[in-house]
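Examining the three-dimensional arrangement
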Amino acid sequence: MHFVKKLNILKLLIPDTKAETIIHSSTNLNISALDLSIIFIYLTAVTGLGIWFSGRQTCPRDYFLGGKNLPWWAVCLSVVATETSTLTFISIPGLAYISNLGFLQIALGYIIGRIFISFAFLPAYYRGELYTSYELLRIRFGPRMQSYASFVFQVTRLLADGVRLFATAIPLSIITGWGYPVCIVIIAIFTIIYTSIGGIRSVVWMDVLQTFIYIAGAIIAGIVILNRIPGGLSGVLQTAIPAGKFHIFTLGLDKSPGEFFKINYTLFSGLIGGAFLSMASHGTDQLIVQRLLTCKNVHDSRKALITSGFLVFAQFALFLFLGIMLFVFYHGRNMRPDEILVGFIIKELPRGLAGLIVAAIFAAAMSTLSSSLNSLASSSMFDIFIPRWGKDITPKKQLVLSRLFTIFWGSVFIFGALLFKDKQNPVVELGLAIASFTYGGLLGTFFLGTYSKITLEDEALVAMWSTIFFMTWLIGEQTIILWVMLGLNLLIGLWIYWRIKPGFNRKFLLIWSFLFIALIFRVQSPGIAWPWYVFVGSILTYLTGSILGWLRQRTN
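Now for a description of the structure that goes with this document. Sequence order as written defines the numbering, with residues in each chain counted from 1. Owing to the predicted nature of the model, reporting of local features is limited to residues with pLDDT of at least 70; listing and counting of side-chain atom pairs is limited to 80 or more, with chain, interface and lining totals taken over all residues. Hydrogens are left out, water is left out, and the side-chain values use all remaining heavy atoms of the structure.

Details of the overall build of the chain
A count of helical and extended segments in the chain gives 23 helices and 0 strands. Here the chain, with 556 residues, has 63% of them falling under the buried criterion. Long-range contacts, defined here as pairs at least 24 residues apart, represent 87% of the contacts in the chain between residues at least 6 apart. Working definition: helices are DSSP H or I runs of at least four residues, strands are E runs of at least two. Numbering for both runs from the N terminus. Throughout, exposure labels follow a simple rule: accessible area from a 1.4 Å probe, protein chains only, divided by the maximum for the residue type, with under 20% read as buried, over 50% as exposed, and the rest as partly exposed. We call two residues in contact when some of their heavy atoms are within 4.5 Å.

The structure is reproduced here in C-alpha cells:
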C-alpha cells in the first residue's frame, strides 16, 4: 500500500540473525577498547547522576511533577531532549543526505503549533492539580473519555518509542557486533534504573545534561567532517549548492491535487501539518505535557514551550547540515541513510572521540526513553489505576506503585523494540507516522472539549474512535500493524458500544464499523503524505463529535 511505498516501513517482525549479519558485514567497522570504555563509563555515570538528582520524594506529586518548582529553562531543554531522541541524531542527517533541507518546513509548523497550544490549552492545565493531560478530558467529558484517551496514548507511545529504542540499538550493534536484542536490553536497563528511582526531577535534569552532550557531539562531528573535506565550508557549498542540497521551500502548486497531498515536504504540509502535529504532541501527549506541568506557573510553562520550538528548529538545521556535509564527504555515494553518520563516527574519527560521540547518541536516546517511561507510569497511575482501585491508597504506597509502573513499562518497551526489523528507510519518518495514527483523534477530542459546547462524552468517544478507525484506512498499512489496529479498534468499539446510551450513537458506531471494514479491504488508500495525517484526523474528530451532538439535540 501507499504507506509502505512512501516510507518503506520497517516490518513488525522479530529481527533475524541473517539481517543483522548483512548489516555488520557491510560496514566492517572496528572500535577500540577505549571507545567501549568511554561508552560504559558514560552509561554508568548517567545512571548514578540520575539517582543523585532525584532528591527527596514522599508522594506521587514529587515523583511525577517534581514538586512543581522546576525552572522553565530546564523544562524547555527537557522538552527539546525528549522530542529529539536518536531518530534526530541518526535519521535527520540521513534525510538531508538523500534529499535536502525540506524537513525545515515541518519545523516551522512546529513553532506555530507551540504558540497556539501555549495560549489555548496550557491555562486549562493549570486550573487544578492535574497529573496528566487526560484528567482535563475527565473534567470536561467524564471518566470513560479519560480512560480511553490514556489507553490510546499508551499504545501510541509503545509503538512510536519502540521505534526510537530500536534506532538507538543500531549504532551499538554496529560498534560491538552484538545483535539488536542484546543492545536494546542494555540501553533500556540503564535508563529504567535511574528513571524508576529518580522520577521526573531526575528525568528533567538528566535531559538538560544530555542535551548539552548530544549537541556537543554533533558539533564535534561537524568540525571533524569539515576538516576532512577539501576547502572546508567553501568546499561544502561548492558541491552542495549545485546539487540542490540547500533547497528548503517547495510549494507543489504545479502538481495536481492528488499529487500535491502525496508530497511529504511542502510549505503547506509543513506549516499546516507540522503545526497540527506539534499541537497534538505538545498539547495532548502526556510525554510532553507532564514536563510542562512541572513549571511553577502557566507563564513559565508558556516560555518553556515556545522557546523549545525555536531550539528544535535550530537543532534540525544543525543535523540536516551534518547530512549535507556527509553527502559532500562521501561524494553522494548510495548508502543506508540511518547508518551514514554512525558509519562516519566509527570509521573516520580517532579513538576516544568516537566513543564520546556515540555516548552523545545514547544521551539523545535515554532522554526520550526516560521521559516516556515516566509519562506512561503517570498515565497508568492517575488515569487508570487510582480512579478504579487506588482512591484509598496512602501517598507512600502510591509512590511505590509509581516506581513499579515505571519498571513495568520499561519491560514492555524492550519487547516492543524487538518487534522491529531493519529496512532501508529513515526511521524518523516511521516514528512520526506511527504517532499520526492516533494524534489526530486525540487533538480533535481536545478541540471538542475546548470549543464545542454541544458535544457530550458519548459523542466524543464515538468521534475519537471513528477517526482512529478511519486513519487505519487512510494510512493504508497492509502489514501486521493493520491487524493490530483493526483488532484494537473493534475491541474498543465493543467497549464503547456497551458504555454509551442506546440510541443514535450506537447505530452510528455499528454502521461505521461495517463501512470502515469494507473501506479498508475494498478501497485503496489515497496515500496522502504523513504530515497531513494529524490535520485530517483532528478535523474529522471535531466535525464528527459536533455533528453527533447536534443530531442528539435535534432528536431530543
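Structure's up, so let's keep going.
Section: helix α23 (residues 533–555)
Take the residue count of a helix, subtract one, and multiply by 1.5 Å to get its expected span. Its 23 residues place the ends of α23 33 Å apart at the C-alpha level, agreeing with the 33 Å of an ideal helix rising 1.5 Å per residue. Every buried residue of α23 is listed here: Tyr533, Val534, Gly537, Ser538, Thr541, Thr544, Gly545, Ser546, Leu548 and Gly549.

Considering the packing of aromatic side chains
Ring pairs shown here join Phe, Tyr and Trp side chains whose ring centres sit within 6.5 Å, with only the six-membered ring taken for Trp; geometry is labelled stacked below 30 degrees between planes, edge-to-face above 60, and tilted in between. Overall, the coordinates contain 33 aromatic pairs when judged by the stated rule. Between the aromatic rings of Phe329 and Tyr330, the centroid separation amounts to 4.9 Å while the plane-to-plane angle is 85°, which identifies the pairing as edge-to-face. Judged by centre distance (5.4 Å) and plane angle (45°), the rings of Phe508 and Trp512 are tilted. Taken together, the residues Phe508 and Trp512, both in helix α22 (residues 504–522) and 4 residues apart, mark about one turn of the helix. Exposure remark for Phe508: the relative accessible area of 14% places this residue in the buried category.

What about α22?
Its 19 residues give α22 an end-to-end C-alpha distance of 26 Å, which sits within 8% of 27 Å, the value for a rise of 1.5 Å per residue. Turning to α22, its buried residues are Asn505, Arg506, Phe508, Leu509, Ser513, Phe516 and Ile520. In a view along the axis of α22, the buried residues occupy a sector of 145°, so they form one face of it. Opposite the buried face of α22, at more than 90 degrees from it, the exposed residues are Lys507, Phe514 and Arg522. The arc in question is formed by the directions pointing from the helix axis toward the C-beta atoms.

Describing the pattern of salt bridges
Side-chain pairs of opposite charge can arise where the charged atoms are in close proximity. A carboxyl oxygen of Asp or Glu within 4 Å of a side-chain nitrogen of Lys or Arg is what we treat as a salt bridge. The final tally for this structure, using the stated rule, is 7 salt bridges. Of the charged contacts in the structure, one is a salt bridge between Arg114 and Glu83, with a shortest N-O distance of 2.2 Å. One end of the pair, Arg114, is in helix α6 (residues 104–120); the other, Glu83, is in helix α5 (residues 72–98), and 31 residues separate them in sequence. For Glu459, the salt bridge goes to Arg552, with nearest N and O atoms at 3.1 Å. You can see Glu459 sitting in helix α20 (residues 457–475) and its partner Arg552 sitting in helix α23, a full 93 residues away along the chain. Given the relative accessible area of 23%, Arg552 is considered partly exposed. Three or more residues are tied together by salt bridges with common partners; here these are Arg144, Glu457 and Asp458.

Section: unusual backbone geometry
In the Ramachandran plot, His331 falls in the positive-phi region, its phi being about 60° despite a non-glycine side chain. Locating His331 in the fold gives a position in the loop between α15 (298–329) and α16 (340–348). Taking relative accessible area as the criterion, His331 reaches 73% and is therefore assigned exposed.

So, the nonpolar core
Phe89, Phe103, Tyr125, Tyr148, Tyr214, Ile345 and Ile496 are the most contacted members of the largest nonpolar core, which totals 167 residues. What Ile496 contacts, discounting residues up to four positions off in sequence, is Tyr148, Leu461, Val462, Trp465 and Leu509. As used here, the term nonpolar core means buried Ala, Val, Leu, Ile, Met, Phe, Trp, Tyr and Cys residues forming a set that is joined through side-chain atoms within 4.5 Å.

Thoughts on the packing of α20 against α22
Between the N-to-C directions of two axes lies an angle of 0 to 180 degrees, each axis being a line fitted to C-alpha atoms and, for a helix, fitted only over the stretch in contact. In the contact formed by α20 and α22, the axes pass within 10 Å of each other and the chain directions differ by 5°. As the angle between them shows, α20 and α22 are arranged roughly parallel. Contacts from Asp458, Glu459, Val462, Trp465, Ser466, Phe469, Phe470, Thr472 and Trp473 in α20 reach Asn505, Phe508, Leu509, Trp512, Ser513, Phe516, Ile517, Leu519 and Ile520 in α22. Side-chain classes follow a simple rule in which Ala, Val, Leu, Ile, Met, Phe, Trp, Tyr, Cys and Pro form the nonpolar group, Asp, Glu, Lys and Arg form the charged group, and the remainder, Gly included, forms the polar group. Here the contact of α20 with α22 is built from residues that sort into 12 nonpolar, 4 polar and 2 charged. The scheme is simple: roughly parallel for angles under 35 degrees, roughly antiparallel for over 145, roughly perpendicular for 65 to 115, oblique for anything else.

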